[in-house]
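Examining the three-dimensional arrangement
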Amino acid sequence: MNAFVRVAERGSFAAAALDLGLTPSALSKLVTRIEDRLGVRLLTRTTRKLALTAEGELFVARSREILTSIEAAEAEVTAASERPRGHLRISVGTAVAKQILGPALPVFLAHYPDITVELHVSDRQIDLVAEQVDVAIRSGALGDSTLVARKLAEATRVICASPRYLEKQGAPRVPADLLQHNCLTLPGPAWAQWPFHTHEGINRLAVSGSFTSDNADLLLDMAVAGLGIARLADFMVERAVQQGALVPLLADCHVPESFPIHALTVPGRHRAPRIRAFVDFLAGQFGRAA
């Protein structure tokens, strides 16, 4: 069943065989054995690709549920006594990968030598079950989901610039001053609307500048380099602020717009020792970064 699911996910016997440590021919025989026992075709095989039949789509969905339940049952039985071990697949956004996980993973791996880590860095939303991901770390509000979510931190946004930039351009004293400054933003109108407290309530100021990027880490690098003023998550800028590379601005009137960061796992699987150890460790790292 596990072999069939991996073939369906990878789209070829060769790729799935590499994942499972089998030969493509051995893997093909396993899938054929399932088809013979069920009396239906689960895969349509051509010289160029594999495709699931309607029966295959149904069987792969049920197989994933069963495999997850098996792992959950094993985890519940062994969690109390087993030393964390095994392969850990993690999906994380770019900012958290660089600012939190990058510095922390060597410590985690040194503490748990029997765990291996496969880290996928992407800001796209993923299907944890379909992509065989153990833990996904995501920012922002959660939609309706059957996943188990553990809140790691409540982040806020900070407006900041480097001392070099401020020496050349001067520091904004009131929000309107930002209209005369080079503001570094993520793409899209919403990211260029910075909120501030006013006598009438919260007002959003439309800022602009010479550089936008869909990678917040690049905005951080540009701000530190003195290109302009950026509005970034506090856990991203904390180290630069402590080192004097960035200076917070307009803190008395800026609306920081807090947002949560969660670790997401598949129900039942979150009890597996390797997953539980990693999420506990990660919560500690966010606590230190706060």
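Remember, it's a predicted structure, so these values are computed and weren't measured experimentally.

**What about the environment of Ser208?**
You can see Ser208 is positioned in the loop between strand S10 (201–206) and helix H7 (216–224). Here Ser208 falls in the exposed class, since its relative accessible area comes to 52%. For the pair Ser208 and Ala192, spaced 16 residues apart in sequence, the C-alpha separation works out to 6.7 Å. Here Ser208 is in contact with His181, Asn182 and Cys183, once residues within four sequence places are set aside.

**Describing the packing of helix H5 (residues 94–111) against H7**
For the pair H5 and H7, interaxial distance at closest approach is 8 Å and the crossing angle is 60 degrees. The pairing of H5 with H7 is recorded here as oblique in orientation. When H5 is examined against H7, the residues Thr94, Ala95, Lys98 and Gln99 are found in contact with a partner set consisting of Asp217, Leu220 and Asp221.

**A look at the sheet that holds strand S5 (residues 135–139)**
What holds strands together in a sheet is hydrogen bonding between their backbones, with the strands either parallel or antiparallel. Pairing in this open sheet of five strands is mixed, and the strands run S4-S3-S5-S13-S6 from one edge to the other. The open sheet has two edge strands with one neighbour each: strand S4 (115–121) and strand S6 (148–155). On average, each strand axis in the sheet is tilted by 20 degrees relative to the strand beside it, whichever way the strands run. Where strand S3 (residues 86–92) and S4 come together, seven bridges link them in parallel fashion. Note on S4: the bridge partner recorded for Ser91 is His120. Contacting S3, S4 and S5, H5 crosses the sheet at an angle of about 170 degrees to S4.

**Considering the sheet that holds strand S11 (residues 229–233)**
Taking strand neighbours across the sheet as the criterion, the four strands line up as S8-S11-S7-S12 in an open arrangement whose pairing is mixed. On the outer flanks of this sheet lie strand S8 (183–184) and strand S12 (247–248), each paired with one strand and no other. Taken together, the four bridges between strand S7 (residues 157–161) and S11 define a ladder with antiparallel strand orientation. Its bridge partner lying in S11, Val158 is registered against Leu232. Sitting on the sheet, H7 is in contact with S8 and S11, with an inclination near 135 degrees to S11.

**Some remarks on the side chain of Glu35**
Along the chain, Glu35 turns up in helix H3 (residues 24–38). Apart from the residues within four sequence positions on either side, Glu35 is in contact with Val40, Arg41, Leu42, Leu43 and Arg45.

**A few points about the side chain of Arg274**
Within the secondary structure, Arg274 sits in helix H9 (residues 273–289). What makes Arg274 buried here is its relative accessible area of 15%. Engagement of the side chain of Arg274 in a polar contact is seen with the backbone oxygen of His87, the distance being 2.8 Å. Beyond its immediate sequence surroundings of up to four residues, Arg274 is in contact with Glu71, Pro84, Arg85, Gly86, His87, Leu88, Ile115 and Asp134.

**Comments concerning H5**
An α-helical segment advances 3.6 residues per turn. Residues three or four places apart therefore align on the same side. Relative to the 26 Å expected for 18 residues at 1.5 Å per residue, H5 spans 24 Å between its end C-alpha atoms, a close match to the ideal helical length. Remark: the principal bend of H5, roughly 50 degrees, maps to Leu101, with a proline, Pro103, within the next four residues. Of the residues making up H5, those classed as buried are Thr94, Ala95, Val96, Ala97, Gln99, Ile100, Leu101, Ala104, Leu105 and Phe108.

**A look at the packing of aromatic side chains**
Within this structure, the stated rule accounts for four aromatic pairs. Note on Phe4 and Phe59: the rings are 5.5 Å apart at their centroids and 50 degrees apart in plane angle, and the pair reads as tilted. Taken as a pair, Phe4 in helix H1 (residues 2–10) and Phe59 in helix H4 (residues 54–78) lie far apart in primary sequence, 55 residues in all. Since its relative accessible area comes to 1%, Phe4 is described here as buried. With 5.2 Å between their ring centres and 50 degrees between their planes, Phe108 and Phe281 make a pair best called tilted. Within this pair, whereas Phe108 is found in helix H5, its partner Phe281 is found in helix H9, the two being separated by 173 residues in sequence.

Reading the values: the criteria
Residues numbered from 1 in each chain as written. Predicted model: local features only at pLDDT ≥ 70, side-chain atom pairs only at ≥ 80, totals over all residues. Heavy atoms only, no water. Helix = DSSP H or I, 4+ residues; strand = E, 2+ residues; numbered from the N terminus. Buried < 20%, exposed > 50% of the residue type's maximum accessible area, 1.4 Å probe, protein only. Contact = heavy atoms within 4.5 Å. Axes fitted to C-alpha atoms, helices over the stretch in contact; angles between N-to-C directions. Parallel < 35°, antiparallel > 145°, perpendicular 65-115°, else oblique. Pairing = 2+ DSSP bridges. Polar contact = N/O pair within 3.5 Å; in protein donor to acceptor, adjacent residues only side chain to side chain. Expected span 1.5 Å × (residues − 1). Bend = angle between axes of the 7 residues up to and from the residue. Phe/Tyr/Trp six-rings, centres within 6.5 Å; stacked < 30°, edge-to-face > 60°.

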